[in-house]
Amino acid sequence: MKAPMEASAFPAPANLPRPRNLALAGVLIGTAVGDALGLPMEGLSARRQRRLFPGPLRHRLLGPWGMISDDTEHTLLLAQALLESPHDSTAFQRSLARRLRWWLGGLPAGVGFATLRAILRLWIGVPPNRSGVMSAGNGAAMRSALLGVYFAEDTAARREFVQASTEITHRDPRASIAALAVAETAAWMAGSCDDTPTFIGALNGLSDHAGWSTIVDELHAAVDLRLPVSTFAKQVGAIHAVSGYAFQSVPVAIYAALRNRTDFSTALSDAIACDGDTDTVAAITGALVGARVGVSGMPQTWREKIVDYPHTLELLQRIAERLGRQIETRTAIGPADYFWPAVPLRNLVFLGIVLTHGLRRLIPPY
């Protein structure tokens, strides 16, 4: 993996939203909305999506309601760790690792295999800077957009904290490149600059990995030709569906966001229609576009119909506000309080809902 670029080599975000919590809230709530909309579609082909869930994109997990999954939960855990340790990446890493351990202790209904193995290594005493496993999955990328916006004006800190977050669960260079690409895109989306070619050219400088250079070339060509997101997905290897491989899911999410940077609805619809790991791809896409448009740029009904506890949208908004104040004061504010003892019971209910939804998908129409 190439050494980090100099701060001046990457385009600086222009005219960052003030207060910063507009973009921070956009990332947190955009992640939740994309996650909740994409979750019921996971693993379904575009044709089956249309047959089973006709009509415009809306929540489908529990009737007209939606719930979040690990994509949002990990972003929330990262935000809490950042509120606890915003200046020291090693302390931040320890805080996030501790929260991930207890998150697994709450018996979540879904967890990636690489993340599971890494957290189990944490539980047996492996230090967080060595607990990551050799996997190129997208588990680290799905939580890194927030770091991009929080450290939008500090390239060195942004990359240091992304690496600290990534190596807890993943140590494959491809996972690190993808996580950093999400953070860099989020930082750029948080500003008002629209010089996409220059930005994509800078993405190429994140690493000299041959596979990454090929992906960025494809991304650049797709932007120039304004290709549909589904066509670009096939060009980066997602022939039938987007997998959890970071070099598939992350480029697709970035392209969907860049192509629809001020159109949250279309960005998510395009990302989810690519099939496969729809919740993570939509969560990353939602975070990136959310950094540009803020919460007000998201359909109200998509936000209002997420029903989850204790990880509510109100909690995410409160965390965004605390992060914004922390940036202004340059002092650690501390994590937001919420009723965490309810998490295991919530996870049990969520598991039942997911299983019921899975049974529904077994019956016609096909």
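Residues numbered from 1 in each chain as written. Predicted model: local features only at pLDDT ≥ 70, side-chain atom pairs only at ≥ 80, totals over all residues. Heavy atoms only, no water.

### Points about the overall build of the chain
Part 1: When helices and strands are tallied, the chain shows 17 helices and zero strands.
Part 2: Computed over the C-alpha atoms, the radius of gyration of the chain is 19 Å, within 12% of the 21 Å expected from 2.2 N^0.38 for a compact globule of 366 residues.
Part 3: Each of the three principal axes of the chain carries a C-alpha extent, and together these read 55 × 50 × 40 Å.
Part 4: Across the 366 residues that make up the chain, the buried fraction comes to 59%.
Part 5: The long-range share in the chain, meaning contacts at least 24 apart out of those at least 6 apart in sequence, stands at 76%.
Part 6: Surface exposure of the chain reaches about 14300 Å², of which carbon and sulfur atoms provide 57%.
Part 7: With 35 positive and 31 negative side-chain charges, the chain shows a spacing of 5 Å between the two charge centroids. (Helix = DSSP H or I, 4+ residues; strand = E, 2+ residues; numbered from the N terminus. Rg over C-alpha atoms; globule rule 2.2 N^0.38 Å. Buried < 20%, exposed > 50% of the residue type's maximum accessible area, 1.4 Å probe, protein only. Contact = heavy atoms within 4.5 Å. Areas by Shrake-Rupley, 256 points an atom, 1.4 Å probe, with all protein chains shown as cover. Lys, Arg positive; Asp, Glu negative; His and termini not counted. Charge placed at Lys NZ, Arg CZ, Asp CG, Glu CD.)

### Points about the pattern of salt bridges
Part 1: A complete count under the given rule lists nine salt bridges for this structure.
Part 2: For R346, the salt bridge is made with E73, and the minimal N-O distance between the two is 3.3 Å. One end of the pair, R346, is in helix α17 (residues 343–360); the other, E73, is in helix α3 (residues 70–84), with 273 residues separating them in the sequence.
Part 3: Residue classification places R346 among the buried residues on the basis of a relative accessible area of 8%.
Part 4: We note a salt bridge from E84 to R99, for which the minimum N-O separation is 3.6 Å. Of this pair, E84 sits in helix α3 while R99 sits in helix α4 (residues 89–105); the two residues are 15 residues apart in sequence, bridging distant segments of the chain.
Part 5: Judged by relative accessible area, which is 32%, E84 ranks as partly exposed.
Part 6: Judged by its relative accessible area of 17%, R99 is buried.
Part 7: Linked through salt bridges whose partners overlap, the residues forming this network are E73, D308 and R346. (Salt bridge = Lys/Arg side-chain N within 4 Å of Asp/Glu carboxyl O.)

### As for the nonpolar core
Part 1: If you look at the biggest cluster of nonpolar residues, it comprises 107 residues, and the most contacted ones within it are V33, F92, I319 and L323.
Part 2: Those residues in contact with F92, other than ones at most four positions away along the chain, are L78, A81, L82, S85, L147, F161, A164 and S165.
Part 3: Among the nonpolar cores identified, the runner-up in size contains five residues, and L39, L61, M67 and F350 belong to it. (Core = buried A, V, L, I, M, F, W, Y, C linked by side-chain atoms within 4.5 Å.)

### Digging into unusual backbone geometry
Part 1: Cis geometry marks the peptide bond from Y309 to P310, where omega comes out at 10 degrees.
Part 2: Within the element layout of this structure, P310 appears in the loop between α15 (300–304) and α16 (313–329).
Part 3: Positive phi, normally seen in glycine, also occurs at L107, with a value near 55 degrees.
Part 4: Turning to its location among the elements, L107 is positioned in the loop between α4 and α5 (113–123).
Part 5: A positive phi angle, close to 70 degrees, is found at D275, a residue other than glycine.
Part 6: As for its placement among the helices and strands, D275 is situated in the loop between α13 (264–272) and α14 (278–293).

### Description of the confidence of the model for the chain
Part 1: Across the chain, pLDDT averages 93, with 95% of residues at or above 70.
Part 2: Below a pLDDT of 50 lies the segment residues 1–8, which in the model reaches 16 contacts outside its immediate sequence neighbourhood of four places, other chains included. (pLDDT = per-residue confidence, 0-100.)

### Notes on the packing of helix α1 (residues 21–38) against α14
Part 1: Following both chains from N to C, one finds α1 and α14 inclined at 155 degrees, their axes separated by 6 Å at the closest point. It follows from the interaxial angle that α1 and α14 lie roughly antiparallel. As α1 runs across α14, the sense of the crossing is right-handed. Each of A23, G26, V27, G30, T31, G34, D35 and G38 in α1 lies in contact with α14, whose residues at this interface are T278, D279, A282, A283, G286, A287, G290 and A291.
Part 2: Partitioned by chemical class, the residues of the contact of α1 with α14 number six nonpolar, eight polar and two charged. (Axes fitted to C-alpha atoms, helices over the stretch in contact; angles between N-to-C directions. Parallel < 35°, antiparallel > 145°, perpendicular 65-115°, else oblique. Left-handed = near helix turned anticlockwise from the far one by under 90°. Nonpolar A, V, L, I, M, F, W, Y, C, P; charged D, E, K, R; others polar.)

### Some details on the side chain of R346
Part 1: A polar contact is formed between the side chain of R346 and the backbone oxygen of I68, at a distance of 2.9 Å.
Part 2: Residues in contact with R346, not counting those within four places in the same chain, are M67, I68, E73, D308, Y309 and P310. (Polar contact = N/O pair within 3.5 Å; in protein donor to acceptor, adjacent residues only side chain to side chain.)

### Considerations on helix α10 (residues 210–225)
Part 1: Relative to the 22 Å expected for 16 residues at 1.5 Å per residue, α10 spans 23 Å between its end C-alpha atoms, a close match to the ideal helical length.
Part 2: Among all positions of α10, only W212, I215, V216, L219 and A222 are buried. The buried residues of α10 all sit within an arc of 125 degrees when viewed along its axis, so they share a single face. Facing away from the buried side of α10 by over 90 degrees, the exposed positions are A210, D224 and L225.
Part 3: Buried residues belonging to α10 abut α8 (173–189), α9 (196–204), α11 (229–235) and α12 (246–259).
Part 4: Immediately beyond the C-terminal end of α10, within one or two residues, lies R226, with a positive phi of roughly 50 degrees. (Expected span 1.5 Å × (residues − 1). Arc of directions from axis to C-beta.)

### Structural notes on the environment of A257
Part 1: Topologically, A257 is positioned in helix α12.
Part 2: Given the relative accessible area of 0%, A257 is considered buried.
Part 3: Spatially, the C-alpha atoms of A257 and A271 are 8.7 Å apart, while their sequence positions differ by 14 residues.
Part 4: Residues within four places of A257 in sequence aside, it is in contact with M189, T285, L288 and V289.

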